[in-house]
Amino acid sequence: MNHFIGLVGTNSDKSTNRQLLQFMKQHFSEKATIEIVEIRDLPLFNKPEDKTLPPLVKEVADKIEQADGVIISTPEYDHAVPASLMSALNWLSYGIYPFVDKPVMITGASYGTLGSSRAQAHLRHMLDSPELKARIMPSSEFLLNHSLQSFDEENNLKDFEKTEELSNLFDDFLIFVNIVNQLVHAHGSNKKAAANFSWENQ
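First, a word on what this report is: a plain description of the structure on this page.

Scoring rules and cut-offs
Residues numbered from 1 in each chain as written. Predicted model: local features only at pLDDT ≥ 70, side-chain atom pairs only at ≥ 80, totals over all residues. Heavy atoms only, no water. Helix = DSSP H or I, 4+ residues; strand = E, 2+ residues; numbered from the N terminus. Buried < 20%, exposed > 50% of the residue type's maximum accessible area, 1.4 Å probe, protein only. Pairing = 2+ DSSP bridges. Salt bridge = Lys/Arg side-chain N within 4 Å of Asp/Glu carboxyl O.

Glancing now at the environment of Leu183. With respect to the helices, strands and loops of the structure, Leu183 is situated in the loop between helix H5 (160-180) and helix H6 (187-196). Leu183 sits in the partly exposed class, given a relative accessible area of 43%. C-alpha of Leu183 to C-alpha of Gly112: the two residues are 71 residues apart in sequence and 38 Å apart in space.

Following this line, the structure appears as structure tokens:
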């Protein structure tokens, strides 16, 4: 059975994106294990002079490295991901490269009508950067709008069609993970390229 990291893409104490990942953990428990990982306790990224990473950053990186894939659920702030998620990804690509060739599924919940489509596009762009180089599941976008009204008291999604849509996407992700994990021949080169990349030399 696959083991995934469910990365909560916000430092908010109350988030429907956290709820969505918790629902997925329970709903898909017979298909995969999902470990919820928080970013709220990570410090704001500030390049350390001695290049030493905070212990919590190393802990999160190790969890991602060992997982079969990552599910990131992000809200949308000003057409982009939250600053806390951007900061976390900055840490997770600073001298460490756990996302290189890692299968990633992106989801998002928002209070409004439009969902988090622009934040998801922004996140895809970031995950495709030279230092992250994740394998992002293509042609998939799960948007949970009006998310404050989307869950019942037991944290289940109320909308059957939305639940079915998410289930179909998750099944596709399981296939995607299997395919990506066979694409191993360039992994060493990709990790080396990420480690050697420097914007200062461009």
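Once you've had a look at it, read on.
Let us now look at the side chain of Ser167. The topology assignment puts Ser167 in helix H5. On the accessibility criterion, Ser167 (14% relative accessible area) is buried.

Extensive coverage of strand E3 (residues 69-73) is indicated by the burial of five of its five residues. The alternating pattern of E3 places Gly69, Ile71 and Ser73 on one face and Val70 and Ile72 on the opposite face, and all of these are buried. Pairing of strand E1 (residues 2-8) with E3 involves five bridges; the strand directions are parallel. What sits directly across from Phe4, in E3, is Gly69. Pairing analysis gives four bridges linking E3 to strand E4 (residues 103-109), with the strands arranged parallel. The partner of Ser73 across the bridge, within E4, is Thr107.

Tallied over the entire structure, the rule returns nine salt bridges. The residue Asp13 makes a salt bridge to Arg40 at a minimum N-O spacing of 3.7 Å. Separated by 27 residues along the polypeptide, Asp13 in the loop between E1 and helix H1 (16-27) and Arg40 in the loop between strand E2 (32-37) and helix H2 (55-66) bring together distant segments of the chain. With a relative accessible area of 35%, Arg40 lands in the partly exposed category. One salt bridge connects Lys162 with Glu165, and the closest N-O pair in it is separated by 3.3 Å. Of this pair, Lys162 and Glu165 are both found in helix H5, three residues apart, which corresponds to roughly one turn of the helix. Given the relative accessible area of 18%, Lys162 is considered buried. Residue classification places Glu165 among the partly exposed positions, given a relative accessible area of 30%.

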